[in-house]
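# Breakdown of the fold
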Amino acid sequence: MKVLLCYFSGTGNTKKVVDKYVEAFNKNDATVDVYKIEENNFNYKIEDYDMIGFGYPVHAFNAPSIILKFAKTLPKVNTTKNVFIIKTSGEPLKLNNISSLKLTKILKRKGYKVTNEYHYVMPYNIIFRHTDNMAYKMWQAAENVVPIDCKEILDEKKSLLKRVFLGGLLAWVFRIEFWGGRFNGKRYKVNENCVHCNRCVNTCPMHNITIENGEFHFGKNCIMCMRCSFYCPRNAIKIGLFEKWKVNGAYNFNNKNDNEEDKHKKYCKKSYIKYFAKCEEKIKNAQVGAATEPSHETKDDDVEDAVNA
Ligand SMILES: Cc1cc2nc3c(=O)[nH]c(=O)nc-3n(C[C@H](O)[C@H](O)[C@H](O)COP(=O)(O)O)c2cc1C
């Protein structure tokens, strides 16, 4: 199978999951071409691929606008092209399922069909900072579930997320980027802690940050991905109305640290417990399935037995 996987990742969570998918596809002898949407130089031929994948972080229960804009530029296809969607989000609420409705609609009009959808919980890059322990647990879950989901895609087993009542309307109401990017993005400010490393300028996916007369200027094309403020080494960027929700600094996904105090342990507690339990169940079922599936050796032995009989 030949796969084209197109993705956007603001602060690296989605990329981490996408990389794991590439590894899993390759292990199963599938070829994957990866397209980073922000590079804006798409020159792949859709007809060369058996399946197209989309990866994105959920932004206020929606797909980021960069994803939707990209989907609109894809060519129409004459024979149905199957699509899988990979999303990451900070909390496991079912409401996040609605984030793919618009994307699915855009793709459908062009002859693409979403057959598989997967949601991985990864630490928040806005609202509050998850503990390292939580980030560790999230990554452990995602890392172990991705190969199972990938196998499902390759085996052409359809898997879609549950629908939400009035999902389309809710997604429309929540589309924060629509106004947030334009209105709030322009209100970003850089404070005196800035050491002019220009990391924000050089890595903004929308090229929305410029320096004019030594002053930082934030334009109207912000998509609120948080890359600039999340990775600012001096935590010098103020993110307008959302300053209180800012998260600064990369997560350490390898630090199990059980002793860290979790100030938000009550937040969506039931949803997280349910999510981790579901992942564990999936992993266990896959292990049981693998153990009961006849291996190649067994099949060969069976043939030999039959010949000898
Ligand atoms: C503007 C914005 C809105 C977000 N909205 C949601 C949301 O509605 N639900 C959610 O669970 N996480 C939300 N998040 C958190 C991200 O989806 C999550 O941290 C994701 O894994 C980030 O992926 P990335 O590192 O690839 O950008 C939001 C993040 C941003 C920046």
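None of these values were measured; they are calculated from a predicted model.

What counts, and where the lines are drawn
Residues numbered from 1 in each chain as written. Predicted model: local features only at pLDDT ≥ 70, side-chain atom pairs only at ≥ 80, totals over all residues. Heavy atoms only, no water. Salt bridge = Lys/Arg side-chain N within 4 Å of Asp/Glu carboxyl O. Near = heavy atom within 4 Å. Polar contact = N/O pair within 3.5 Å; in protein donor to acceptor, adjacent residues only side chain to side chain. Areas by Shrake-Rupley, 256 points an atom, 1.4 Å probe, with all protein chains shown as cover. Helix = DSSP H or I, 4+ residues; strand = E, 2+ residues; numbered from the N terminus. Nonpolar A, V, L, I, M, F, W, Y, C, P; charged D, E, K, R; others polar. Domains from an automatic or database assignment. Contact = heavy atoms within 4.5 Å. Buried area = accessible area lost by both parts, 1.4 Å probe. Core = buried A, V, L, I, M, F, W, Y, C linked by side-chain atoms within 4.5 Å. Buried < 20%, exposed > 50% of the residue type's maximum accessible area, 1.4 Å probe, protein only. Arc of directions from axis to C-beta. Patch = residues over 30% accessible without salt bridge, like charges linked within 9 Å, V, L, I, M, F, W, Y side chains within 5 Å. Expected span 1.5 Å × (residues − 1). Pairing = 2+ DSSP bridges. Axes fitted to C-alpha atoms, helices over the stretch in contact; angles between N-to-C directions. Phe/Tyr/Trp six-rings, centres within 6.5 Å; stacked < 30°, edge-to-face > 60°.

This part takes up the pattern of salt bridges. Counted under the stated rule, the structure contains nine salt bridges. Each of Lys-20, Glu-23, Lys-27 and Glu-143 takes part in salt bridges that share partners, so that together they form one network.

Taken together, 23 residues sit near the ligand, with Ser-9, Thr-11, Thr-14, Val-58 and Ala-60 positioned nearest. In this structure, an oxygen atom belonging to the ligand sits 2.8 Å away from a main-chain N or O atom of Gly-10. Taking Ala-60, its main chain carries an N or O atom lying 2.7 Å from a nitrogen atom of the ligand. Coverage of the ligand by the protein chains reaches 97% of its 650 Å² of free accessible surface. Of all the secondary structure elements, the ones that give two or more residues to the shell around the ligand are α1 (13-27) and β4 (81-89). Classifying every residue of the shell around the ligand gives ten nonpolar, twelve polar and one charged.

Let us now look at the domain arrangement of the protein. Domain boundaries assigned for the protein yield domain 1 (2-172) and domain 2 (176-245). Each partner contributes residues to the interface: domain 1 has 15 residues there, and domain 2 has 14 residues. Summing both partners gives a buried area of about 1300 Å² for domain 1 against domain 2, and 58% of it is carried by carbon and sulfur. Applying the counting rule to domain 1 against domain 2 returns five residue pairs in polar contact (both at pLDDT 80 or more). For the side of domain 1 that touches domain 2, a count of residues per class yields seven nonpolar, seven polar and one charged.

Leu-5, Val-17, Tyr-21, Phe-25, Phe-84 and Tyr-120 are the most contacted members of the largest nonpolar core, which totals 40 residues. Mapped by element, the contributors of at least two residues to this core are β1 (2-7), α1, β4, β5 (112-121), α4 (132-154) and α9 (269-292). Element by element, the count of residues in this core is highest for α4, at eleven residues. When residues no more than four places from it in sequence are discounted, the contact partners of Val-17 are Ile-86, Thr-88, Tyr-120, Met-122, Trp-139 and Val-146. Residues Ile-52, Tyr-56, Leu-68 and Tyr-112 belong to the second largest nonpolar core, which totals 28 residues.

Turning to helix α6 (residues 176-184), a few remarks are in order. Owing to its 3.6 residues per turn, the α-helix aligns residues three or four sequence positions apart on the same side. Looking at α6, one finds that the buried residues are Ile-176, Glu-177, Gly-180, Gly-181 and Asn-184. In a view along the axis of α6, the buried residues occupy a sector of 105°, so they form one face of it. Considering only its buried residues, α6 is in contact with α2 (65-73) and α5 (167-174).

This part is about a nonpolar patch on the surface. A grouping of Phe-165, Leu-166, Leu-169, Trp-172, Val-173 and Phe-174 is seen on the molecular surface, where their side chains present a nonpolar patch of about 690 Å² in accessible area. Relative to the elements of secondary structure, Phe-165 occurs in the loop between α4 and α5.

In a regular helix each residue adds 1.5 Å, so 24 residues correspond to 34 Å; α9 covers 35 Å between its end C-alpha atoms and thus fits that length. Within α9 the residues assigned to the buried category are Tyr-272, Tyr-275, Phe-276, Cys-279 and Ile-283.

Let's shift gears to the environment of Asp-262. Its location among the elements puts Asp-262 in the loop between β9 (237-238) and α9. Asp-262 sits 29 residues away from Pro-233 along the chain, and the two C-alpha atoms are 24 Å apart. Within the structure, Asp-262 has its side chain in polar contact with the backbone nitrogen of His-264 (distance 3.0 Å).

Hydrogen bonds between backbone atoms are what pair the strands of a sheet, whose relative direction is either parallel or antiparallel. Reading across from one edge, β2-β1-β3-β4-β5 is the order of the five strands in this open sheet, with parallel pairing throughout. Of all the strands in the sheet, just β2 (31-36) and β5 have a single pairing partner and so form its edges. Each strand of the sheet is rotated relative to its neighbour by a mean of 20°, with strand direction disregarded. With nine bridges connecting them, β4 and β5 associate as parallel partners. Across the sheet, Lys-87 pairs through a bridge with His-119, a residue of β5. Most of the contacts of α2 go to strand β3 (residues 51-57), to which it runs at about 160°, and overall it touches β1, β2 and β3.

Counted according to the given criterion, the structure contains 22 aromatic pairs. A centroid spacing of 5.7 Å and a plane angle of 50° characterise the contact between Phe-25 and Phe-84, whose relative ring orientation is tilted. Of the two residues, Phe-25 is situated in helix α1 and Phe-84 in strand β4; the sequence distance between them amounts to 59 residues. A single burial state applies to Phe-25 and to Phe-84, both of which are buried. Seen from their ring centres, Tyr-188 and Phe-218 are 5.5 Å apart, and the 55° between their planes marks the pair as tilted. Of this pair, Tyr-188 sits in the loop between α6 and β6 (189-190) while Phe-218 sits in strand β8 (residues 215-218); the two residues are 30 residues apart in sequence, bridging distant segments of the chain. With respect to class, Tyr-188 is no different from Phe-218; both count as buried. Within the aromatic cluster, the residues linked to one another by ring pairs are Tyr-35, Phe-42, Tyr-44, Tyr-49, Phe-54 and Phe-70.

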